[in-house]
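Next come the chains, spelled out residue by residue.
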Amino acid sequence: MEAPMTENGLSRFGYDAWVRHTGAESVPDGFSSARVIEVNKNSFVVSDGAHEMFAELSGKFLFDAETPTDFPTVGDWVRIQALDKNTLAVIHAVLPRHTLLKRKEPGKKIDFQLIAANIDSGFIVQSAEKLNFNLLDRYVVMLHESGIEPVAVFSKIDLLSPSEIKALKDRLAALKHKYLLISNVAAHGLDELAGTLARGNTYCLLGQSGVGKTSLLNKLLH
């Protein structure tokens, strides 16, 4: 059984009853549960709630893996063996996922690129002055297929006039999912967006470059 301090530390990463029941509650001696917080090609960074560690896959894991979806992605809960005073970890298993966000690789062969796992809600960010409803629909379908709640976030509304904002709201009235209008510059809508975030849940930001994802993230973190 994991030490309470580690479990409590992991609660801010979403460690809850669901994760424990996937097998995290019965960790063999010398092993612990951690969450993948960064992926760089074949290297990983994981956190056990108290330490962030560079991680690599065990030889058995590599031998047993058959498809790209068998490998860890950001948000996965994994079983690790911590080494070198909690500076390095070896990943031995990926625990069951409740959601998996992935997209098909280009080409005829059906391969998938993993984006993130165990996501509760996905925020689809678009610039309010450059709406692309076809792209929005594709993101919504991808999230729905993964069992993830979609939330559309339209940024940069400070660039629109009052009449343009009204026209935008009229167009968005037909959407069947939640949406928010925000401005990182004028701090409009940020409190409303922050109010939708629940402690212990996991969220992701989706959208093209230049729509304000990084600015939005920085605002929420500060």
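Before any of the text, the structure's been laid out above.
Note that the structure is predicted; figures quoted are calculated from it, not measured.

Chemist: Quick rundown of the pattern of salt bridges? Include the residues and the values.
Modeler: For the coordinates displayed, the defined rule picks out three salt bridges. Between Asp-170 and Lys-166 there is a salt bridge; the shortest N-O distance is 3.3 Å. Taken together, the residues Asp-170 and Lys-166, both in helix α5 (residues 162–172) and four residues apart, mark about one turn of the helix. Overall, the relative accessible area of 55% leaves Lys-166 in the exposed class.

Chemist: Could you give me a rundown of the environment of Asp-137, with the residues and numbers involved?
Modeler: Looking at where Asp-137 falls in the secondary structure, it is placed in helix α4 (residues 133–145). As a C-alpha pair, Asp-137 and Ile-165 span 28 residues in sequence and 21 Å in three-dimensional space.

Chemist: Break down the layout of surface pockets for me, citing the residues and quoting the values.
Modeler: Quantified by volume, the largest pocket comes out at close to 910 Å³. Taken together, 27 residues line the largest pocket, and the ones lying closest to its centre are Asn-201, Thr-202, Tyr-203, Cys-204 and Leu-217. Among the elements of the structure, β1 (32–40), β7 (112–117), α6 (190–195), β11 (203–206) and α7 (213–221) are those that each provide at least two residues to the lining of the largest pocket. When the residues that make up the lining of the largest pocket are grouped by side-chain class, the tally is 20 nonpolar, four polar and three charged. One number sums up the size of the second largest pocket: a volume of about 350 Å³. Lining of the second largest pocket is provided by 16 residues; of these, Val-39, Lys-41, Pro-68, Phe-71 and Pro-72 occupy positions nearest its centre. With four residues, the single largest contributor to the lining of the second largest pocket is β7. For the lining of the second largest pocket, the residue count by class is eleven nonpolar, three polar and two charged.

Chemist: An account of unusual backbone geometry is needed here, citing residue identities and associated values.
Modeler: Although it is not a glycine, Asn-86 adopts a positive phi angle of roughly 60 degrees. Relative to the assigned elements, Asn-86 resides in the loop between β4 (77–83) and β5 (88–94). The backbone of Asn-118 sits at a positive phi, close to 60 degrees, despite the residue not being glycine. Within the secondary structure, Asn-118 sits in the loop between β7 and β8 (121–127).

Chemist: So what about the packing of aromatic side chains? Which residues, and what values?
Modeler: Here the structure, examined in full by the defined rule, presents four aromatic pairs. Taking the centre distance of 6.3 Å and the plane angle of 65 degrees together, the rings of Phe-154 and Tyr-179 count as edge-to-face. Placement of the pair is Phe-154 in strand β9 (residues 149–155) and Tyr-179 in strand β10 (residues 178–181), with a sequence separation of 25 residues. A relative accessible area of 28% means that Tyr-179 is categorised as partly exposed.

Chemist: Quick one: what's the story with the nonpolar core, residue by residue and with numbers?
Modeler: Ranked by size, the top nonpolar core spans 22 residues in total, and within it Leu-101, Leu-136, Phe-154 and Leu-206 carry the most contacts. When residues of this core are traced back to their parent elements, those giving at least two are α4, β9, α5 and β11. If sequence neighbours within four positions are ignored, Leu-101 has contacts with Gln-113, Leu-114, Ile-115, Ala-116, Met-142, Leu-143, Ser-146, Ile-148, Cys-204 and Leu-206. Membership of the second largest hydrophobic core comes to 13 residues, among which are Ala-34, Phe-44, Val-46 and Ala-55.

What counts, and at which threshold
Residues numbered from 1 in each chain as written. Predicted model: local features only at pLDDT ≥ 70, side-chain atom pairs only at ≥ 80, totals over all residues. Heavy atoms only, no water. Salt bridge = Lys/Arg side-chain N within 4 Å of Asp/Glu carboxyl O. Helix = DSSP H or I, 4+ residues; strand = E, 2+ residues; numbered from the N terminus. Buried < 20%, exposed > 50% of the residue type's maximum accessible area, 1.4 Å probe, protein only. 1 Å grid on protein atoms, 1.4 Å probe; cavity = no way out; pocket = protein on both sides within 12 Å on 5 of 7 lines; lining within 4 Å. Points joined across faces, edges and corners; volume = space filled by probe spheres on them. Nonpolar A, V, L, I, M, F, W, Y, C, P; charged D, E, K, R; others polar. Phe/Tyr/Trp six-rings, centres within 6.5 Å; stacked < 30°, edge-to-face > 60°. Core = buried A, V, L, I, M, F, W, Y, C linked by side-chain atoms within 4.5 Å. Contact = heavy atoms within 4.5 Å.

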